[in-house]
Amino acid sequence: YTEKRSSRHVRVFEPWMRERHRLLQDIQDDLPGAAERGELSVVFQPVVDLRRRKVQGAEALVRWRHPRHGLIGPAEFIPVAETQGYITAIDLWVLREAARQLLPLIRTGQIHQIAVNFSAQHFSTPDFVGRIQAVLRATGLPLNALVVEITESMFMENHQTANLALRELIRLGASVAADDFGTGYSSLAYLQRLPLRTIKIDRSFVATSAQHTGIVRSIVEIAHTLNLRVVAEGIETPAQLGVLRDLGCDFGQGYLIARPMSVDDLSVWLRDWDAAALT
Ligand code: C2E
Ligand code: MG
Ligand code: MG
Ligand code: MG
C-alpha cells in the first residue's frame, strides 16, 4: 500500500480501498447503459399472508450483473442512480419487466399483487402517474395488481406533490406501501395524511429482542388503528415468524419463506410451497 503523510493526517490506502474506489467509479461510468446492454435483471421475493397462510404477491428487486465486478446489489448502485438521475428510468424498466414476467401468474391467480420500489425522484418528474399507466397499458397488467413501494424520505421531501400523485394512483386502483418503516423520521401525521394501504416494517426491527418486539407491537397497533396492513420484512427464523404472527402482523417476507428469485424459480416455488411451513 501507499502512505501519504501530511502534517496532521496519515492516510493509508490499502488494496481493498483501491478496489472499492474502482467499483464506485465503474458504477458511475457503466450504469447509464446497463439496461440497454442487458445487464439488469429483476428477481422476485414472495410476500405471504400470515393469517390465511397463502401467497399474496411478490416484490420486484433489481439486480445488475457487471461484466467485470459480477453481481452488484441495489444498495450499491441505487444511490448512484439517484444522484446521477437514472433512477426513474431504472424503476420504470423494473416495473415493465416485473409486469411482463409476472402477468401470467397474476392472470392465473397464483399471486395477487406485484410490489415495485419507486424512488422519491419520480415525484419531481412530470407525469409520473401517466408513465406508470403507459407501462401497465403496454404490458396488460391491471393497476389493481400494483403496489407502489415508497420510503419515508419522500414524504418529507415532496409530500405535497407525492400526495397528489399517490391519490391519483389509488383512484386508478393501485395501492401504496411505506417501505422500511421505522428507519426514517417517521411521523404519525404522514401516516394519516398519505393514502397508504400498507406499512412494511424494516427488517432491523424484526429481531426478537424484547425491545424490538415492543417496537413491532406498537407499529402493528398504530397501523391497525389507521386501517393499514402490516408487512414484516426480513423474516429469517421460525422464532421471528412466531413472534410476528402473535403480534398480529398481516404479511411476511424474508429468507425463511423464500429468497428473491427469477420468475422461473418463482413458478416452481409457487407450485411446491407448503403453507404448513408457516405453522
Ligand atoms: P427493500 O425494498 O426494503 O427490499 C428488501 C431487501 O431486503 C431486498 O434487498 C431483499 O433481498 C432483502 N431481504 C429480503 N428478505 C431478507 C432476509 O430475510 N434477510 C436479509 N438480510 N435481507 C432480506 P435488495 O434486493 O438488496 O434491495 C435493497 C434495497 O434496494 C431495497 O430494499 C430497495 O430499497 C432498493 N431497491 C431494490 N430494487 C429497486 C428498484 O427497482 N428501484 C428502487 N428505487 N429501489 C430498489
Ligand atoms: Mg421494497
Ligand atoms: Mg424495505
Ligand atoms: Mg430497504
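Note that the coordinates shown come from a computational prediction; the quantities given were computed from them, not determined experimentally.

**Q** What's the story with the packing of aromatic side chains in this structure? I'm lost.
**A** Here a ring pair, both rings aromatic, is described through the centre-centre distance and the interplanar angle of the planes. All told, the structure shown has four aromatic pairs when counted by the stated rule. Here the aromatic rings of Trp64 and Phe77 are separated by 5.5 Å at their centres, their planes lie at 85°, and the arrangement is edge-to-face. Remark: Phe77 occurs in helix 2 (residues 74–84) and Trp64 occurs in strand 4 (residues 54–66); sequence separation between them is 13 residues. Looking at Trp64, the relative accessible area reads 0%, which means it is buried. Note on Phe77: relative accessible area 0%, which makes it buried. Clustering of aromatic rings is evident, with ring pairs tying together Phe118, Phe123 and Phe128.

**Q** Would you mind going over the coordination of the magnesium ion (ligand 2) with me for this structure?
**A** Each angle at a metal carrying four tetrahedral donors should ideally be 109.5 degrees, and each at a metal carrying six octahedral donors should ideally be 90 or 180 degrees. Summarising the metal site, the magnesium ion (ligand 2) is bound by the protein donors Glu59 (OE), Asn117 (OD1), Glu149 (OE) and Asp179 (OD), whose distances to it range over 2.0 to 2.2 Å. Here the donor residues of the magnesium ion (ligand 2) share one chain and are spaced in sequence as E-x57-N-x31-E-x29-D. Distance-wise, the magnesium ion (ligand 3) is placed 4.2 Å from the magnesium ion (ligand 2), both being coordinated by Asp179. Of this pair, Glu59 sits in strand 4 while Asp179 is found in strand 8 (residues 175–181), placing the two residues 120 residues apart along the sequence.

**Q** Teacher, can you tell me more about the pairing of strand 9 (residues 198–201) here?
**A** On a regular strand, each side chain points to the face opposite its neighbour's, so the side chains alternate between the two faces of the sheet. Where burial is concerned, the two faces of strand 9 agree: the one with Thr198 and Lys200 and the one with Ile199 and Ile201 are both buried. As defined by bridge partners, strand 8 adjoins strand 9 across three bridges and the pair is classed as parallel. Following the sheet pairing, Phe181 is matched in strand 9 by Ile201. Note that strand 9 and strand 10 (residues 229–232) share four bridges and pair parallel. Looking at strand 10, one finds that Lys200 is bridged to Val231.

**Q** Which parts of the structure should I look at to understand the coordination of the magnesium ion (ligand 3)?
**A** Within the first shell, the magnesium ion (ligand 3) binds the protein through Asp179 (OD), Asp180 (OD), Glu233 (OE) and Glu233 (OE), at distances of 2.0 to 2.3 Å. Donor residues for the magnesium ion (ligand 3), ordered by position in the chain, follow D-D-x52-E.

**Q** For this particular structure, what's the right way to read helix 3 (residues 87–107)?
**A** What sets the pattern is the α-helix's 3.6 residues per turn: residues three or four places apart point alike. Here helix 3 spans 29 Å end to end across 21 residues, near enough to the 30 Å set by a 1.5 Å rise per residue. Bending of helix 3 peaks at approximately 40° at the position of Gln101, with proline Pro104 no more than four residues after it. Burial within helix 3 is extensive, with 16 of its 21 residues counted as buried. Phi for Gly109, located one or two positions after helix 3, is positive at around 75°.

How each quantity is defined
Counting restarts for each chain, with residues numbered from 1 along the sequence as it is written. Whichever chain is written first becomes A and whichever ligand is written first becomes 1, with later ones labelled in order. In view of the model being predicted, local features appear only for residues whose pLDDT reaches at least 70, and side-chain atom pairs are presented and counted only at 80 or more, with totals across whole chains, interfaces and linings using the full set of residues. Computation of side-chain values: all heavy atoms of the structure, hydrogens and water removed. Two aromatic rings from Phe, Tyr or Trp, using only the six-membered ring of Trp, form a pair when their centres are within 6.5 Å; if the ring planes differ by under 30 degrees the pair is stacked, by over 60 it is edge-to-face, and anything between is tilted. Runs of E in the DSSP output that reach at least two residues are strands. Runs of H or I that reach at least four are helices, and both are numbered from the N terminus. Three exposure classes are used, based on accessible area relative to the maximum for each residue type with a 1.4 Å probe and protein chains only: buried under 20%, partly exposed in between, and exposed over 50%. Ligating atoms shown are N, O and S within 2.8 Å of the metal, or 3.2 Å for Na, K and Ca, and water is not included, meaning a site may look less than complete. At least two DSSP bridges between two strands are needed for those strands to be called paired. To estimate how far a helix should extend, the number of its residues minus one is multiplied by 1.5 Å. The reported bend at a residue is simply the angle between two axes, fitted to the 7 residues ending at it and to the 7 residues beginning with it.

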